[in-house]
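So you can see what is in the structure, the chains are spelled out below.
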Amino acid sequence: MVTIRLHNSLTRRKEVFAPLDAANVRMYVCGPTVYDRAHLGNARPVVVFDVLYRLLRHVYGDAHVTYVRNFTDVDDKINARAREMQKAGDTRDLNAIIRTLTDETIGWYHADMDALGTLRPTHEPRATEFIAQMIAMIRTLIDKECAYEAEGHVLFDVHAWPDYGRLSGRSVDDMIAGARVEVAPYKRDAMDFVLWKPSTDEEPGWDSPWGRGRPGWHIECSAMAEELLGPSFDIHGGGLDLQFPHHENEMAQSCCARPDACFARYWLHNEMVQVDGKKMAKSLGNFFTVRDLLDQGWPGEVIRFVMLQTHYRKPMDWTEEKGRQARATLQKWRAQVAGVTPAEVHPGVVAALSDDLNTAGAIAELHQLSHASDASALLASAQILGLLTPALSGWEQAGPADKADLSLLDDLSRRLAQARERARESKDFSEVDRLKAALVAAGVEVRMSRDGVELVPGPDYDSAKLGALA
RNA sequence: GGCGGGUUGGCGGAGAGGUUACGCAGCGGAUUGCAAAUCCGUGUAGACCGGUUCGAUUCCGGUACCCGCCUCCA
C-alpha cells in the first residue's frame, strides 16, 4: 500500500495519512455559495481536491472513497443578489428569485468545473435540504450549554470549547485584542458566532424552536458532514481563507455536539490564487471567472495544468505565458499518446502525489516519461492528475473546423510536397518558400522531414488567410 | 497590533544537509536547400547578515521585503 503524506493544518506538519476505514475513505470539501460565476480562485480547491480524490481512489479503490462538497444556497449574499434582481424589475417574490438564482448558479458551476476535468463528488448536498439536521445540531449544542439563545438568535459560546483557536493557531484572547468584528450587544463574548438568526417575512426562513429563521454560515458544513460522512471522518479541505473563522467554528460546533467523535482528522488548506501579488477576491474586484478564460479560448485542460504546476500550499498566478507553455506541452503530449492504451501509472508519479500532493513533481515525472517516449505510461500517469483524459480531449485538434478546411490542407500539403520535389531538381525553391510563408502566416505549422510534409494548424490558424492559395 | 506563510538561475517551479529537479526561453551542435518541428549538449540560482556543521540554498537566530488571516471570502 502506498503511503500518503499530507500536511495537516491542525498540527502544521506533514503526517502519514491513515484513514479511519480503508474501505470508506471520507473527504469533505467546502463548496461555493451559489449566487455568481466561480472565479479562478474558487476553482483552485476544486482542482486540488480533485487530484486528492483521484489519488485516494487510485490507492484505496474507486468504490472506497466518499467525497462530499456542499452548495451553500442559503446566505445573505444570495439574498442581497436576489433583492438587486427585484430592484432591476424582477416581480417574483424573493424566494422564487433565490431558487432560480441558486439553481442557475449551480448549473454554471457544474459546467465550469466539468470543463476543468474535475470529477463530480459522491454527494453535493444543498444546505437548504439539511435544515432539519442543522436545527437538531443546534438543539444539541443548546442542551449541552455550548450555545445560547438571545433576541431570536442562537449563538455558539466559544468558551465552551477549550481548544477554540487550535486549528487557526490563535487564542481567543489574541483574537479579541485585534477583533474587527462588530460586537452585537446580545453576544456574551465578542467571538461568539451565530448558529441561527431570525428572518424577515420575505426572506428565506424555516420554523424552528427559536422562531422563523435561517442558519448561520458555519453550521451547514457541520450538519451535512455528520449526516453524510458520520461524526468522524478523514479529510476536510478548503481554501486557506476558510481556516478562520469558518473551519475553526465548524470544528468547535461539531466537537461540542459530538465530544466522543473527532470531526475531521486531517485539515487541508490550499493557498490563494493571486493577481499581481494580491489575493484574487470578489471584494477586491481583481477577479476573472473560469468562464472568462474558457470564452477566451483557453481549454479547460490548459487551465488545469497551470493550476497543478504550482504546489497547492503556495500562492499561484494565472498568466497568459503560463497558459501558452501549458498548451504547447499538452499539445505535444496529446499527439504522443494518440491511439495509445494506458499502462500502469508510473510509481514516481504516485510517489510525488503521495508526498502532500506534489503535483509539480508529478508533472516533472510526466516530462521524463514523454522524454523516454513511454507513451502508455505517460497517458496512465497523466490521467491520475486528470490530464490527457478523454473528457478533456478535442481542443488540441485546433484549426480546421470543417471538412473543407481539412481537404484544403490536405491539398496544400500535396502541392507543397510536389513543389519541393521539383525544387530539389531545379534548385529553385521560390515556389516552396512562397507556399510555406503563406501557410505560416495562416497559423499553420509546416513540418518538412526527409520523407514528407505535414501541415499542423496551430492555435492561430485562420483558414481565410489560405484563400489566396486555394 | 496579534497569528501564520513566503523570498530559488532570464521566466515559471520542485525536492534534498553533501551527488542533474523539471519546463520554457537562451546558447552550441545534428538534421534541413533555408527554416520549422525533432534529437543531442549546455546554466555552481537559492533576499541579506550571522550561527551550528567536515559541508547549508536545505537546520537555527536576526534583518529587509512580500503575502494571507484576524470582517464576507476558495
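Treat the numbers as computed from the prediction; the structure is a model and nothing was measured.

**Points about helix α7 (residues 243–257)**
With 15 residues, α7 extends 20 Å from end C-alpha to end C-alpha; this agrees with the ideal 21 Å at 1.5 Å per step. Among the 15 residues that make up α7, 13 are buried, leaving the element largely enclosed by the rest of the structure.

**A short note on the packing of helix α1 (residues 40–60) against helix α9 (residues 300–309)**
Contact pair α1 / α9: the axes reach a minimum separation of 10 Å and the direction vectors enclose 80°. The pairing of α1 with α9 is recorded here as roughly perpendicular in orientation. In this structure, α1 uses Leu 40, Ala 43, Arg 44, Val 47, Asp 50, Val 51 and Arg 54 to contact α9, whose residues at the interface are Ile 303, Arg 304, Met 307 and Leu 308. In terms of residue class, the contact of α1 with α9 is built from seven nonpolar, no polar and four charged.

**Remarks on the sheet that holds strand β11 (residues 273–275)**
Pairing within the open sheet is mixed, and its three strands lie in the order β12-β11-β13. The open sheet terminates on both sides in strands that have one partner only, identified here as β12 (278–279) and β13 (316–317). Here β11 pairs with β12 via two bridges, running antiparallel. When the sheet's bridge partners are listed, Gln 274 is paired in β12 with Lys 279.

**Focus: the protein's contact with RNA strand B**
Neighbouring residues of RNA strand B: 49 residues in total, closest Trp 217, Gly 239, Leu 242, Lys 279 and Lys 436. In the interface set of RNA strand B, defined as its atoms within 4 Å of the protein, sugar plus phosphate atoms amount to 61%. The separation between a sugar or linking oxygen of RNA strand B and a polar side-chain atom of Gln 325 is 3.0 Å. Among the elements that make up the surface near RNA strand B, the one with the highest residue count is helix α12 (residues 359–371) (five residues).

**Brief notes about the packing of aromatic side chains**
Summed over the entire model, instances satisfying the criterion amount to 11 aromatic pairs. Through successive ring pairs, a cluster of aromatic residues spans Tyr 28, Phe 233, Phe 263 and Trp 267.

**Comments concerning unusual backbone geometry**
A cis amide bond links Phe 244 with the next residue in sequence, Pro 245, at an omega value of 0°. Mapping Pro 245 onto the fold places it in helix α7. One non-glycine residue, Ser 373, lies in positive phi territory at about 60°. The topology assignment puts Ser 373 in the loop between α12 and α13 (375–384).

**As for the domain arrangement of chain A**
By domain assignment, chain A separates into domain 1 (5–273), domain 2 (298–398) and domain 3 (403–466). With 26 residues of domain 1 in contact, the opposing surface of domain 2 contributes 27 residues. In this assembly, domain 1 packs against domain 2 so that about 2,200 Å² is buried in total across both faces, 67% of it on carbon and sulfur atoms. Its largest share of buried area at the contact with domain 2, domain 1 owes to Arg 44, Val 51 and Leu 55, together 23% of the area lost on that side. Joining domain 1 to domain 2, the criterion identifies two salt bridges. With a shortest N-O distance of 2.6 Å, Asp 50 and Arg 304 are connected by a salt bridge. Put simply, the parts of the chain that give the side of domain 1 that touches domain 2 at least two residues each are β1 (5–8), α1, α3 (94–115) and β10 (263–270). Among the elements that take part in the side of domain 1 that touches domain 2, α1 stands out by supplying 11 residues, more than any other. Here the residues of the side of domain 1 that touches domain 2 are counted per class, giving 13 nonpolar, six polar and seven charged.

**Some thoughts on the packing of helix α10 (residues 320–337) against α13**
Taken N-terminus to C-terminus, the directions of α10 and α13 make an angle of 125°; their axes are 9 Å apart at the nearest point. Taken together, the axes of α10 and α13 are oblique relative to one another. Regarding α10 and α13, the two cross each other, and that crossing is left-handed. Residues Trp 333, Gln 336 and Val 337 of α10 lie in contact with α13, whose contacting residues are Ala 375, Leu 378 and Leu 379. In the contact of α10 with α13, the residues fall into five nonpolar, one polar and no charged.

**Quick notes on the side chain of His 269**
Assignment of secondary structure puts His 269 in strand β10. A distance of 2.6 Å separates polar atoms of two side chains, one belonging to His 269 and the other to Ser 9. A polar contact is formed between the side chain of His 269 and the side chain of His 247, at a distance of 2.8 Å. For His 269, the contacting residues outside a window of four places in its chain are Ser 9, Leu 167, Gly 238, Gly 239, Leu 240, Gln 243, His 247, Tyr 312 and Arg 313.

**Notes on the environment of Met 272**
Here Met 272 is to be found in the loop between β10 and β11. Considered as a pair, Met 272 and Pro 45 are 227 residues apart in the sequence and their alpha carbons are 9.2 Å apart. If sequence neighbours within four positions are ignored, Met 272 has contacts with Arg 44, Gly 239, Leu 240, Asp 241, Lys 279, Pro 315 and Met 316.

**Focus on the sheet that holds strand β9 (residues 232–239)**
To summarise the sheet geometry, strands pair through backbone hydrogen bonds and adopt either a parallel or an antiparallel arrangement. Strand order in the open sheet made by the four strands is β4-β3-β9-β10, with parallel pairing throughout. Bordering the open sheet on either side are β4 (65–69) and β10, each of which pairs with just one other strand. Mean inter-strand twist for the sheet, computed between neighbouring axes without regard to direction, equals 20°. Judged from the five bridges that link them, strand β3 (residues 25–29) and β4 form a sheet pairing that is parallel. Looking across to β4, one finds that Val 29 is bridged to Arg 69.

Cut-offs applied
- Residues numbered from 1 in each chain as written.
- Chains lettered and ligands numbered in written order.
- Predicted model: local features only at pLDDT ≥ 70, side-chain atom pairs only at ≥ 80, totals over all residues.
- Heavy atoms only, no water.
- Helix = DSSP H or I, 4+ residues; strand = E, 2+ residues; numbered from the N terminus.
- Expected span 1.5 Å × (residues − 1).
- Buried < 20%, exposed > 50% of the residue type's maximum accessible area, 1.4 Å probe, protein only.
- Axes fitted to C-alpha atoms, helices over the stretch in contact; angles between N-to-C directions.
- Parallel < 35°, antiparallel > 145°, perpendicular 65-115°, else oblique.
- Contact = heavy atoms within 4.5 Å.
- Nonpolar A, V, L, I, M, F, W, Y, C, P; charged D, E, K, R; others polar.
- Pairing = 2+ DSSP bridges.
- Near = heavy atom within 4 Å.
- Polar contact = N/O pair within 3.5 Å; in protein donor to acceptor, adjacent residues only side chain to side chain.
- Phe/Tyr/Trp six-rings, centres within 6.5 Å; stacked < 30°, edge-to-face > 60°.
- Domains from an automatic or database assignment.
- Buried area = accessible area lost by both parts, 1.4 Å probe.
- Salt bridge = Lys/Arg side-chain N within 4 Å of Asp/Glu carboxyl O.
- Left-handed = near helix turned anticlockwise from the far one by under 90°.

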